[in-house]
Amino acid sequence: MKHARFTIAHLTVDGEDMPLLYADLVVAQHDNQSELEWECVAASRRSMALEQSCYDLRMLTPQGRRLAGDVVLVRSDDRGHVFRGVGPLAGFTEREFERPAH
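Residues numbered from 1 in each chain as written. Predicted model: local features only at pLDDT ≥ 70, side-chain atom pairs only at ≥ 80, totals over all residues. Heavy atoms only, no water.

## Focus: the packing of aromatic side chains
So, point 1. With the rule as written, the count across this model stands at two aromatic pairs.
So, point 2. Ring centres of F6 and F92 lie 6.0 Å apart, and the angle between their planes is 85 degrees; this geometry places the pair in the edge-to-face category. Taken together, the residues span a long stretch of sequence, with F6 in strand β1 (residues 2-7) and F92 in the segment after β8 (80-85) at a distance of 86 residues. For the pair F6 and F92, a shared accessibility class is recorded, and that class is buried. (Phe/Tyr/Trp six-rings, centres within 6.5 Å; stacked < 30°, edge-to-face > 60°. Helix = DSSP H or I, 4+ residues; strand = E, 2+ residues; numbered from the N terminus. Buried < 20%, exposed > 50% of the residue type's maximum accessible area, 1.4 Å probe, protein only.)

The structure is reproduced here in C-alpha cells:
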C-alpha cells in the first residue's frame, strides 16, 4: 500500500469555512488497484453541527497547495469530523506516490 499525508491549514465544507484546531488528509492506494482512497480528519475550534451527508470539501495546505473533492461525513461530534472521499481528489495524482520521501 502507498500513502501520503498532508496537514491542512484551511478547510471549507460546502463553501462554509471551518475554523480549524487541526486537520489531516491521508491519501492511500492499495497494491494492484488504480483508485485512490482518501480521508480528512478535522477538529474545529467551534461547534459545527453537520448531518451525515455528502459535501464538497476544499482544502489548503500551509504551503498553499489546493486539494478538493466530494466526501461523505462518516462521523462527527460537532467539533471532530471524519470525511471520506467518494470520488477523485483534485490536486493529487498517483504519480506523487513515486516521489522520494524527504
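Having seen it, we continue.
## Notes on unusual backbone geometry
So, point 1. One non-glycine residue, D14, lies in positive phi territory at about 50 degrees.
So, point 2. Secondary-structure assignment places D14 in the loop between β2 (10-13) and β3 (16-18).
So, point 3. D14 sits in the partly exposed class, given a relative accessible area of 48%.
So, point 4. Even without a glycine there, the phi angle at N32 is positive, about 65 degrees.
So, point 5. Looking at the element boundaries, N32 is found in the loop between β4 (20-29) and β5 (37-44).
So, point 6. What makes N32 exposed here is its relative accessible area of 84%.

## Re the environment of R58
So, point 1. With respect to the element layout, R58 can be found in strand β6 (residues 54-60).
So, point 2. According to the relative accessible area criterion, R58 is partly exposed, its value standing at 45%.
So, point 3. Separated by ten residues in the primary sequence, R58 and M48 place their C-alpha atoms 16 Å from one another.
So, point 4. If near-sequence neighbours (up to four positions away) are discounted, R58 is found in contact with H10, L11, T12, L67 and A68.
So, point 5. Within the structure, R58 has its side chain in polar contact with the side chain of D56 (distance 2.9 Å). (Contact = heavy atoms within 4.5 Å. Polar contact = N/O pair within 3.5 Å; in protein donor to acceptor, adjacent residues only side chain to side chain.)

## A few points about the pairing of β8
Across a regular strand the side chains alternate sides, sitting on one face of the sheet and then on the other.
So, point 1. Across five bridges, β5 lies against β8 in antiparallel orientation. Bridge pairing in β8 places E39 opposite R84.
So, point 2. Pairing of strand β7 (residues 66-76) with β8 involves five bridges; the strand directions are antiparallel. Looking across to β8, one finds that L73 is bridged to F83.
So, point 3. Counting the residues between successive antiparallel strands, the hairpin from β7 to β8 contains three residues, one of them, D78, with a positive phi of roughly 80 degrees. (Pairing = 2+ DSSP bridges.)

From the geometry alone we can't say anything about function, so treat these as descriptive.
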